[in-house]
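Residues per chain, in single letters:
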Amino acid sequence: MKKCFFIVFVFAISLNSAVYAQNTKTAPENFNDFFKQFNSDKKFQVTRVIFPLKYRSNNDDFELTDYTMTQEKYKTLNLNNKADEKYLKRTLSVKKNKVTLQQRGLDNGIYIDYIFELKDNKWFLKTWVDQST
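Colleague: I tried to follow the overall build of the protein on my own but got confused; where do I start?
Modeller: Scanning the protein from terminus to terminus reveals 3 helices and 6 strands. Along the protein, helices and strands appear, N-terminal first, in the series α-α-α-β-β-β-β-β-β. The burial tally for the protein puts 29% of its 133 residues in the buried class. A separation of at least 24 residues holds for 40% of the contacts in the protein among residues at least 6 apart in sequence. Accessible surface, the protein: about 9900 Å² in total, of which carbon and sulfur atoms supply 54%.

Pasting the structure below:
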C-alpha cells in the first residue's frame, strides 16, 4: 500500500512539474501591441533597439553605406505618425520572426525599410536601410 501511494505521489509531482514548465514558457509578444508602445513610449523604444545599431544609408554620392550608431546618438523614431500619411505610404511585411516596415514617399524620394526581429519572444528594432534620395 505504501509503495502504491508513493508511486502515485511521485507521478502527481512529476505531472505538476511538467504543467508548470509548460506554463512558464512565454508566448511571443504581439507585434501590433509592441509597435504601438514602441512609438508612444520613448524609454521603452530605447530598450527595444539592438545597440550598437547597424544600419545602411545613402552617403553624399547616393551610395548605400554601412553605419553604426551608439545608444547615445540614437534619436527616437515615430513610425506611426498619422500626419505623415499625406506624403508617405507604409507597408508591413510580416514573416515568422521578422517584420519589415516599408516607408515609401509619395513623389518625395523617401525609401526606408525598418527591420524588426523577434528575439527571446520580444520584438526589437534590428536595423534599417535608408535608400532615400
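Picking up where we left off.
Colleague: In this structure, what is going on with the sheet that holds strand S4 (residues 98–105)? I would like to understand it.
Modeller: Sheet strands pair by backbone hydrogen bonding; their relative direction is either parallel or antiparallel. Strand order in this open sheet of 6 strands is S2-S1-S6-S5-S4-S3, and the pairing throughout is mixed. Each edge of the open sheet carries a strand with a single partner, namely strand S2 (64–69) and strand S3 (88–94). Strand-to-strand twist across the sheet, computed as the mean angle between neighbouring axes with direction ignored, equals 25 degrees. As paired strands, strand S5 (residues 111–119) and strand S6 (residues 122–130) are joined by 8 bridges and run antiparallel to one another.

Colleague: What exactly am I supposed to notice about the nonpolar core here?
Modeller: Here is a general trend for soluble globular proteins: nonpolar side chains tend to be buried in one another's company. Phe 38, Tyr 74, Tyr 114, Phe 116, Leu 125 and Trp 128 are the most contacted members of the largest nonpolar core, which has 21 residues in total. Sorting the residues of this core by element identifies helix H2 (31–40), strand S1 (53–58), S4, S5 and S6 as the ones contributing at least two each. Not counting residues up to four positions away in its chain, the partners in contact with Tyr 74 are Phe 38, Gln 45, Val 46, Val 49, Phe 51, Leu 53, Met 69, Leu 125 and Trp 128.

Colleague: What should I look at first to understand unusual backbone geometry in this one?
Modeller: Excluding glycine, residues mostly have negative phi values, and the peptide bonds linking residues are mostly trans. Cis geometry marks the peptide bond from Phe 51 to Pro 52; its omega dihedral reads -5 degrees. Tracing the sequence through the fold places Pro 52 in the loop between helix H3 (42–47) and S1. A positive phi angle is found at Phe 62, which is not glycine, with a value near 60 degrees. Assignment of secondary structure puts Phe 62 in the loop between S1 and S2. Here Phe 62 falls in the exposed class, since its relative accessible area comes to 55%.

Colleague: Please clarify how the pairing of S6 should be interpreted in this entry.
Modeller: On a regular strand, each side chain points to the face opposite its neighbour's, so the side chains alternate between the two faces of the sheet. S6 sits mainly inside the fold: 7 of its 9 residues count as buried. Where S1 lies against S6, 2 bridges are found, and the strand directions are parallel. By the bridge assignment, Ser 57 is partnered in S6 with Asp 130.

What counts and how
- Residues numbered from 1 in each chain as written.
- Predicted model: local features only at pLDDT ≥ 70, side-chain atom pairs only at ≥ 80, totals over all residues.
- Heavy atoms only, no water.
- Helix = DSSP H or I, 4+ residues; strand = E, 2+ residues; numbered from the N terminus.
- Buried < 20%, exposed > 50% of the residue type's maximum accessible area, 1.4 Å probe, protein only.
- Contact = heavy atoms within 4.5 Å.
- Areas by Shrake-Rupley, 256 points an atom, 1.4 Å probe, with all protein chains shown as cover.
- Pairing = 2+ DSSP bridges.
- Axes fitted to C-alpha atoms, helices over the stretch in contact; angles between N-to-C directions.
- Core = buried A, V, L, I, M, F, W, Y, C linked by side-chain atoms within 4.5 Å.

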